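Here's the letter readout for the chains.
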Amino acid sequence: MTTSTNGTFDRTPFIAGNWKMNMDHVQGITLLQKLAWTLSDAKHDYSRAEVAVFPPFTDLRGVQTLVQGDELEVVYGGQDVSPFDSGAYTGDISGQFLAKLGCSYVLVGHSERRTIHNESDDVLNAKVKAGFRHGVTPVLCVGEGLEIRQAGTHVDHTLAQLRAGVEGLSPEQATELVVAYEPVWAIGTGEVAGPEDAQEMCAAIRSELATLFGADTAAATRLLYGGSVKANNAASILKERDVDGLLVGGASLDAAEFANIVRFESHLVTD
Ligand SMILES: O=C[C@H](O)COP(=O)(O)O
């Protein structure tokens, strides 16, 4: 994002709430209704910041019904997608199912999938392609653990994840792709990477995308930061030039807090 002080952005900011394995389908509807009402009361302009939620799979049908019925401008997505399209893959959810449920986006390679479920770069690249096959935009998550950060190899590590994740994509697909930088050491820990850490990595990711797909693609791809984002630190992170949005975990479970993050512009101080 370019400076927000003059009210213009290079790319539409993207504020996403990842509910993880929280909120059953009843709780999820209540949370989304509260979020929509809060943003409506605050007269949020969705053209100034796109708002997305990533509920558990079991919530998606209810979310779809609410969004369609109330004509909400909030978009939503799945937290994972199968690399396969259909067949004997017990427990998997295909991109086609997500598309049918009206999902605009799908998370791919969240650190909790990479670590707890041991998802490899090859599998994640297949999931990115599965999203695109079905018209569901992948949000590819990358980022380093604490040991790698302490060793000082976090940029190399994260760019290697990026290259593997985008292997074989066209420049058009890379333009549509969203990339989320999430340092694992800052997720759910209260430790926030500083705005300069987020900027360092997002600039490196943009530069790598320029090398792989050309400058026009790199200039258009939206890059997010995630890791212990709250309303009181969102604006300072989003002021950074190459940070186009936020992937919010815990704070997205509180409608008022998440709405305040969405309305980060109201917290920006004009230089
Ligand atoms: O997907 C969201 C990230 O894992 C960040 O989670 P957090 O905001 O709870 O640290």
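Residues numbered from 1 in each chain as written. Predicted model: local features only at pLDDT ≥ 70, side-chain atom pairs only at ≥ 80, totals over all residues. Heavy atoms only, no water.

Moving on, we come to the sheet that holds strand 6 (residues 178-181). The parallel closed barrel is built from eight strands, whose spatial order is 1-2-3-4-5-6-7-8. On average, each strand axis in the sheet is tilted by 25° relative to the strand beside it, whichever way the strands run. Its contacts with the sheet put helix 7 (residues 154-166) on strand 5 (137-142) and strand 6, and the angle it makes with strand 5 is roughly 155°. (Pairing = 2+ DSSP bridges. Helix = DSSP H or I, 4+ residues; strand = E, 2+ residues; numbered from the N terminus. Axes fitted to C-alpha atoms, helices over the stretch in contact; angles between N-to-C directions. Contact = heavy atoms within 4.5 Å.)

Across all of its chains, the model carries 15 salt bridges by this definition. A salt bridge links R113 to D80; the nearest nitrogen and oxygen atoms lie 3.4 Å apart. Of this pair, R113 sits in helix 4 (residues 111-116) while D80 sits in the loop between strand 3 (75-78) and helix 3 (95-100), and the two are 33 residues apart along the sequence. Its relative accessible area of 23% is what places R113 among the partly exposed residues. Owing to a relative accessible area of 12%, D80 belongs among the buried residues under this scheme. It is possible to trace a salt-bridge network through shared partners that takes in R11, R206, D242 and D244. (Salt bridge = Lys/Arg side-chain N within 4 Å of Asp/Glu carboxyl O. Buried < 20%, exposed > 50% of the residue type's maximum accessible area, 1.4 Å probe, protein only.)

Here we come to the site of the ligand. Near the ligand there are 14 residues, and of these K20, H110, E182, G188 and S228 occur at the shortest range. Note that an oxygen atom of the ligand is positioned 2.7 Å from one of the side-chain N or O atoms of K20. One of the side-chain N or O atoms of H110 is found 2.8 Å from an oxygen atom in the ligand. Class assignment for the residues of the shell around the ligand results in five nonpolar, seven polar and two charged. (Near = heavy atom within 4 Å. Polar contact = N/O pair within 3.5 Å; in protein donor to acceptor, adjacent residues only side chain to side chain. Nonpolar A, V, L, I, M, F, W, Y, C, P; charged D, E, K, R; others polar.)

Another point: the packing of helix 7 against helix 9 (residues 195-213). The geometry of helix 7 relative to helix 9 is characterised by a closest axis approach of 10 Å and an angle of 40° between their N-to-C directions. Overall, the two elements helix 7 and helix 9 adopt an arrangement that is oblique. Viewed along their axes, helix 7 and helix 9 form a crossing whose handedness is right-handed. Between helix 7, through H154, V155, T158, L159, L162, R163 and V166, and helix 9, the contact on the second element is made entirely by E200, M201, A204, I205, E208, L209, L212 and F213. Classifying every residue of the contact of helix 7 with helix 9 gives 10 nonpolar, two polar and three charged. (Parallel < 35°, antiparallel > 145°, perpendicular 65-115°, else oblique. Left-handed = near helix turned anticlockwise from the far one by under 90°.)

What follows concerns the nonpolar core. I15, L32, L35, I205, Y225, L246 and I261 are the most contacted members of the largest nonpolar core, which totals 65 residues. If one sorts the elements of this core by residue count, helix 9 sits on top with seven residues. Apart from residues lying up to four places away in sequence, I205 is in contact with V142, T158, L159, L162, V179, Y181 and L223. With 13 residues, the next largest nonpolar core counts A16, L107, A180 and L224 among its residues. (Core = buried A, V, L, I, M, F, W, Y, C linked by side-chain atoms within 4.5 Å.)

On to helix 9, then. The end-to-end C-alpha separation of helix 9 is 26 Å, in line with the 27 Å expected for 19 residues at 1.5 Å each. Restricting attention to buried positions, one finds in helix 9 the residues D197, A198, Q199, M201, C202, A204, I205, R206, E208, L209 and F213. In the stretch just after helix 9, G214 is the one whose phi turns positive, near 105°. (Expected span 1.5 Å × (residues − 1).)

Looking now at the UniProt feature "active site" (unreviewed entry) in the protein chain. Cross-referencing UniProt, the feature "active site" (unreviewed entry) maps to H110 and E182 in the present numbering. Across 73 residues, the annotated set stays spatially compact, with a maximum C-alpha separation of 8.3 Å. Those annotated residues from the list above that line the largest pocket are H110. Here H110 is to be found in the loop between strand 4 (105-108) and helix 4. Excluding residues that lie within four positions of it along the chain, H110 makes contacts with N18, K20, C141, E182 and I187. Take E182: it is sitting in the loop between strand 6 and helix 9. Filtering out sequence-adjacent residues up to four positions away, E182 remains in contact with H110, C141, V142, G143, E144, I187, G226, G227 and L247. One polar contact links E182 to H110, side chain to side chain, over a distance of 3.1 Å. (UniProt positions renumbered as here; feature names shortened; annotations may be inferred. 1 Å grid on protein atoms, 1.4 Å probe; cavity = no way out; pocket = protein on both sides within 12 Å on 5 of 7 lines; lining within 4 Å.)

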